[in-house]
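Coordinate inspection notes
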Amino acid sequence: MIEKKKGNKSENQAVSAYEKASNEEIDPRCIPQKLDAPVPEHDKIVYPDYPKFDQETWKYLYERQMKFLHGRACNEYLDGTKQLNLSSEKIPYLKDMSQIFFKTTGWKVARVPGLIHEQNFFEMLRRKVFPSTDYIRGKDELDYTPAPDLFHDIFGHMPLLTNTNFASFYQKFGEAALNAKGKVRTMLETFHWFTVEFGLIKNPEGMRIYGAGILSSHQEVQHSLSDQVEVIPFDPEKIVTQEYDVWHLQPILFAIDSFQQLEEGFKDWTKKLGLIN
Ligand SMILES: [Fe+2]
């Protein structure tokens, strides 16, 4: 759910991307909203009455993207798409996703109205709740949308939530982020960017993608494994000092060896910072 944001940390290191975003002239859909009332979770989520063209958009995006994922997406992600029974035929029902997560990793899904404030976002992660939108981009934004939508949230993020190590890491991420303030919170956002959104993993067969920002992007999925990208081995200390520009294809990415390394590396690093016990 953390979406495109400007990463010029040298200008304003201690201000969160969300706070910065609200000071800039940007698409109003990219301004995070503070939730002032509970949102539907798990069994309480209702399937929207999608118009036919929304179902067509899902089918188009799903089929187009899946063609590129063979040999590019990591095994754990592809396993997750099977566990969630994702298919081009129908926009998935968030309640069904939630029930599958609950049985596999103990997570649930909440339906949120758009980009939510980081405080709400981190609190949900800490509770093992993944906030997801349930609307899909318009036909004029098939290649790129700066705003969150269900294609990014479901197709990009959800499959990995069936992976035990990733799910455990993500819950700890929420906990650590809630305890982080100022510059440290910005460091965690950078960590999120280079892992959850733009991470690569060395599978036995070769370098593969696990970041949702890549997996749900038509351009990034083709670019990220090309020789135009410098790949650096996973190291939390290095990741959090890496500059990034969200408006262009990423020239530098970080690769984990395994989701166990991501989980343990993150826990060790945040324990050292006193963010988790
Ligand atoms: Fe995301």
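Below you will find a few notes about this structure.

About the cut-offs
- Residues numbered from 1 in each chain as written.
- Predicted model: local features only at pLDDT ≥ 70, side-chain atom pairs only at ≥ 80, totals over all residues.
- Axes fitted to C-alpha atoms, helices over the stretch in contact; angles between N-to-C directions.
- Helix = DSSP H or I, 4+ residues; strand = E, 2+ residues; numbered from the N terminus.
- Parallel < 35°, antiparallel > 145°, perpendicular 65-115°, else oblique.
- Left-handed = near helix turned anticlockwise from the far one by under 90°.
- Contact = placed C-beta atoms within 7 Å.
- Nonpolar A, V, L, I, M, F, W, Y, C, P; charged D, E, K, R; others polar.
- Pairing = 2+ DSSP bridges.

So, on to the packing of helix α7 (residues 164–179) against helix α12 (residues 259–272). The interhelical angle for the contact between α7 and α12, taken along N-to-C directions, is 20°, at an axis separation of 8 Å. Between α7 and α12, the interaxial angle falls into the category roughly parallel. Where α7 crosses over α12, the handedness of that crossing is left-handed. On α12, the residues that touch Asn165, Phe166, Ser168, Phe169, Lys172, Phe173 and Ala176 of α7 are Phe259, Gln260, Leu262, Glu263, Phe266, Lys267 and Thr270. Residue composition of the contact of α7 with α12, by class: seven nonpolar, four polar and three charged.

This paragraph deals with the pairing of strand β3 (residues 200–203). Regular strands show a simple pattern: their side chains alternate between the two faces of the sheet. Alignment of β3 against strand β4 (residues 206–209), held across four bridges, turns out to be antiparallel. In the sheet register, Ile201 faces β4, and the bridge partner there is Arg208. Linking β3 to β4, which pair antiparallel, is a turn of two residues. As paired elements, β3 and strand β6 (residues 252–256) share two bridges and run parallel to each other.

As a further point, take the environment of Cys30. With respect to the element layout, Cys30 can be found in the loop between α1 (17–21) and α2 (52–69). Measuring from C-alpha to C-alpha, the distance between Cys30 and Glu243 comes to 21 Å, with 213 residues separating the pair along the chain.

This next bit is on the sheet that holds strand β5 (residues 230–233). For sheets, the rule is that strands pair by backbone hydrogen bonds, running either parallel or antiparallel. As summarised here, the arrangement of the four strands in space is β4-β3-β6-β5, forming an open sheet in which the pairing is mixed. In this open sheet, the two strands that pair with only one neighbour each are β4 and β5. On average, each strand axis in the sheet is tilted by 40° relative to the strand beside it, whichever way the strands run. Sheet analysis places β5 next to β6, joined by four bridges and oriented parallel. In the sheet register, Val231 faces β6, and the bridge partner there is Leu253.

So, on to the environment of Val184. Topologically, Val184 is positioned in helix α8 (residues 182–197). Between the C-alpha atom of Val184 and that of Phe102, which follows or precedes it by 82 residues, the distance is 31 Å.

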